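Structural overview
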Amino acid sequence: MAADTGNDGTGNVTEHLRELITRARVVLWDFDGPICRLFAGHKAEGVAEGLVEWLEGRGLHGLLTDSERESLDPHVVLRAVGRRHPGSDLVTELEERLTQEELKATATAMPTAWADPLIRTLVALKLRLAVTTNNSPRVAATYLASRGLTSCFAPHIYGRTQELSHLKPHPHCLNRALRAMGSAPATALMIGDTPSDFLAASEAGVPFLGYARNERKEKLLRGAGATTVVNSLETVLAAARHT
């Protein structure tokens, strides 16, 4: 069921989604969330703890604050080190360690319900798709290959680089996708599940469709300012099939 009516307040969610899809020529997908739950089996908390232990093993316990150390979010750990040692070998090695953990996670990633058929339907409608993610592009490419979806996106997979200040909410990966695909922001649509996705889309001038698999996710998206949010991609698929 859809969680929002869009800006018009009419309750006609399907029509609003149909309009978003009809206006779009390009759809930019966040990866972990809308396409799959990357850490469904290989837990993100354990990955974050492993990164912290690795830093501590190098005598860098004091590099993180207590809240960063206890965040259980590997991107929080990576960003923190990136802020304090930008462009360093330490950042390069830590980013690669995270990439290797993400690659392990692809083996047990859980496909998001209705994502695969929605992706294929959008391609059938002649929309062009790109991945715009804070995960490694190698990870997104590996997962998409495992689902037989590479041709739906390749070569437009834009993810984390060693320039960590370019992670969303910075619009860098969205802007890369728009430039490469020759798309104006107004003719694109971003599908994301976090406030950072919404903020990046807003900064890039790209219309945004939020996906919230639970009430907590929905509350965070709405708190950031997202006005079009669905609880299931089935709603979007139904709209796409009636465009």
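Residues numbered from 1 in each chain as written. Predicted model: local features only at pLDDT ≥ 70, side-chain atom pairs only at ≥ 80, totals over all residues. Heavy atoms only, no water.

Okay, the pairing of strand S7 (residues 208–211) next. The alternating pattern of S7 places Phe-208 and Gly-210 and Leu-209 and Tyr-211 on opposite faces, both of which are buried. In the sheet, strand S6 (residues 188–192) pairs with S7 via three bridges, with the strands oriented parallel. In the sheet register, Gly-192 faces S7, and the bridge partner there is Gly-210. Handedness of the crossover joining S6 and S7 through helix H10 (residues 195–204): right-handed. Bridge count for S7 against strand S8 (residues 229–230) is two bridges, and the pairing is parallel. What sits directly across from Gly-210, in S8, is Val-229. (Buried < 20%, exposed > 50% of the residue type's maximum accessible area, 1.4 Å probe, protein only. Helix = DSSP H or I, 4+ residues; strand = E, 2+ residues; numbered from the N terminus. Pairing = 2+ DSSP bridges. Right-handed = clockwise from strand over helix to strand, strands pointing away.)

Turning next to a positive patch on the surface. Judged by side-chain charge, Arg-37, Lys-43, Arg-213 and Arg-216 come together as a positively charged surface patch. With respect to the helices and strands, the residue Lys-43 is situated in the loop between strand S2 (36–37) and helix H2 (44–57). With a relative accessible area of 44%, Lys-43 lands in the partly exposed category. (Patch = residues over 30% accessible without salt bridge, like charges linked within 9 Å, V, L, I, M, F, W, Y side chains within 5 Å. Areas by Shrake-Rupley, 256 points an atom, 1.4 Å probe, with all protein chains shown as cover. Salt bridge = Lys/Arg side-chain N within 4 Å of Asp/Glu carboxyl O. Lys, Arg positive; Asp, Glu negative; His and termini not counted. Charge placed at Lys NZ, Arg CZ, Asp CG, Glu CD.)

What H10 keeps buried is the set Ser-196, Asp-197, Phe-198, Ala-200, Ala-201 and Ala-204. In this structure, the buried residues of H10 make contact with helix H9 (172–181), S6, S7 and helix H11 (215–224). One or two steps after H10, the chain reaches Gly-205, where phi turns positive at roughly 80°. (Contact = heavy atoms within 4.5 Å.)

Counting 57 residues, the largest nonpolar core has Trp-29, Phe-31, Ile-35, Leu-55, Leu-122 and Phe-153 as the members making the most contacts within it. The element contributing the most residues to this core is H2, with six residues. Setting aside chain neighbours within four positions, we find Ile-35 in contact with Trp-29, Asp-30, Pro-111, Thr-112, Ala-115, Ile-119, Val-131, Tyr-143, Leu-144 and Phe-153. One finds Leu-178, Phe-198, Ala-204 and Ala-226 within the second-largest nonpolar core, a separate group that totals 21 residues. (Core = buried A, V, L, I, M, F, W, Y, C linked by side-chain atoms within 4.5 Å.)

The next subject is the packing of H2 against helix H4 (residues 74–84). Between H2 and H4, whose axes approach to 8 Å, the crossing angle comes to 30°. Classified by the angle between their axes, H2 and H4 sit roughly parallel to one another. Along the contact surface, H2 presents Ala-44, Val-47, Ala-48, Leu-51, Val-52 and Leu-55, while H4 presents Pro-74, Val-77 and Val-81. Considering only residue class, the contact of H2 with H4 consists of nine nonpolar, no polar and no charged. (Axes fitted to C-alpha atoms, helices over the stretch in contact; angles between N-to-C directions. Parallel < 35°, antiparallel > 145°, perpendicular 65-115°, else oblique. Nonpolar A, V, L, I, M, F, W, Y, C, P; charged D, E, K, R; others polar.)

Moving on, we get to the environment of Thr-132. Tracing the sequence through the fold places Thr-132 in strand S4 (residues 128–132). On the basis of relative accessibility, which here comes to 0%, the residue Thr-132 falls in the buried class. It is 5.6 Å that separates the C-alpha atoms of Thr-132 and Cys-173, two residues lying 41 residues apart in sequence. Ignoring any residue separated from it by four or fewer positions in sequence, one finds Thr-132 in contact with Leu-28, Trp-29, Asp-30, Tyr-158, Lys-168, Cys-173, Leu-174, Ala-177 and Met-190.

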